[in-house]
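So you can see what is in the structure, the chains are spelled out below.
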Amino acid sequence: MNRINIKKLGFAIGLTGALVYLGCIVVMLTAGREGTIDFFNSLLHGLDTTSIIRMDVPLWEAAIGIVQTFIIGWLIGALIAAFYNVQLKNRRV
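As the structure is a prediction and not an experimental result, all values here were calculated from the model.

1. Concerning unusual backbone geometry
So, point 1. For His45, which is not glycine, the phi dihedral falls at a positive 55°.
So, point 2. Within the element layout of this structure, His45 appears in the loop between α1 (6-43) and α2 (59-92).
So, point 3. Of the residues examined, His45 reaches a relative accessible area of 77% and is grouped as exposed.

Following this line, the structure appears as structure tokens:
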């Protein structure tokens, strides 16, 4: 079995998270408040998101959110790869 490249997996998961975040922004910009609530209510199996949807998110706050999502995703991906590589190394011994 091959080792997983920590940087590549971290980048892939971080970028995926950032793209999902951008997708949420697109939904909010195109669907409006009611459409956004309907979208997330159906996505979350009927959980009522009415009280937590905030449509007046400043651009700087959204930009920080994208960066934070990427960083958290990168760290998660790097940890997954590191744990995988360690267990692979232990299995060969």
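2. Describing the pattern of salt bridges
So, point 1. Summed over the entire model, instances satisfying the criterion amount to one salt bridge.
So, point 2. Linking Glu61 and Arg54 is a salt bridge whose minimum nitrogen-to-oxygen distance equals 2.3 Å.

3. Topic: the side chain of Thr36
So, point 1. Here Thr36 is to be found in helix α1.
So, point 2. When residues no more than four places from it in sequence are discounted, the contact partners of Thr36 are Val27, Met28, Ala31, Ile53 and Met55.

4. Focus on the packing of aromatic side chains
So, point 1. Per the stated rule, a full pass over the model turns up two aromatic pairs.
So, point 2. Ring centres 5.7 Å apart and planes at 75° place the aromatic pair Phe11 and Phe70 in the edge-to-face group. Here Phe11, found in helix α1, pairs with Phe70, found in helix α2; they are 59 residues apart in sequence, far enough to count as distant.
So, point 3. Relative accessible area serves as the criterion here: at 24%, Phe70 is assigned to the partly exposed category.
So, point 4. Here the aromatic rings of Phe39 and Phe40 are separated by 5.1 Å at their centres, their planes lie at 85°, and the arrangement is edge-to-face.
So, point 5. In this structure Phe39 comes out as partly exposed when scored by relative accessible area, which is 36%.

5. A look at the environment of Thr49
So, point 1. Relative to the helices and strands, Thr49 is located in the loop between α1 and α2.
So, point 2. Judged by relative accessible area, Thr49 falls into the buried class, the value being 2%.
So, point 3. Apart from residues lying up to four places away in sequence, Thr49 is in contact with Ile37, Phe40, Asn41 and Leu44.

What counts and how
Within every chain, residues take consecutive numbers counted from 1 along the sequence as written. Reporting of local features is limited, given that this is a predicted model, to residues whose pLDDT is at least 70; pairs of side-chain atoms are given and counted only at 80 or more, and all residues count toward the totals for whole chains, interfaces and linings. Side-chain descriptors were evaluated using all non-hydrogen atoms of the structure, hydrogens and water having been removed beforehand. Note on conventions: DSSP H or I runs of at least 4 residues are helices, E runs of at least 2 residues are strands, and numbering of each starts at the N terminus. Any residue under 20% of the maximum accessible area for its type is buried, any over 50% is exposed, and the rest in between are partly exposed; the area is computed with a 1.4 Å probe on protein chains only. Salt-bridge detection follows one rule: a side-chain nitrogen of Lys or Arg within 4 Å of a carboxyl oxygen of Asp or Glu. Any pair of residues with heavy atoms lying within 4.5 Å of one another is described as a contacting pair. Any Phe, Tyr or Trp ring, taking Trp's six-membered ring, that has another such ring centre within 6.5 Å forms a pair; planes under 30 degrees apart are called stacked, those over 60 apart edge-to-face, and the others tilted.

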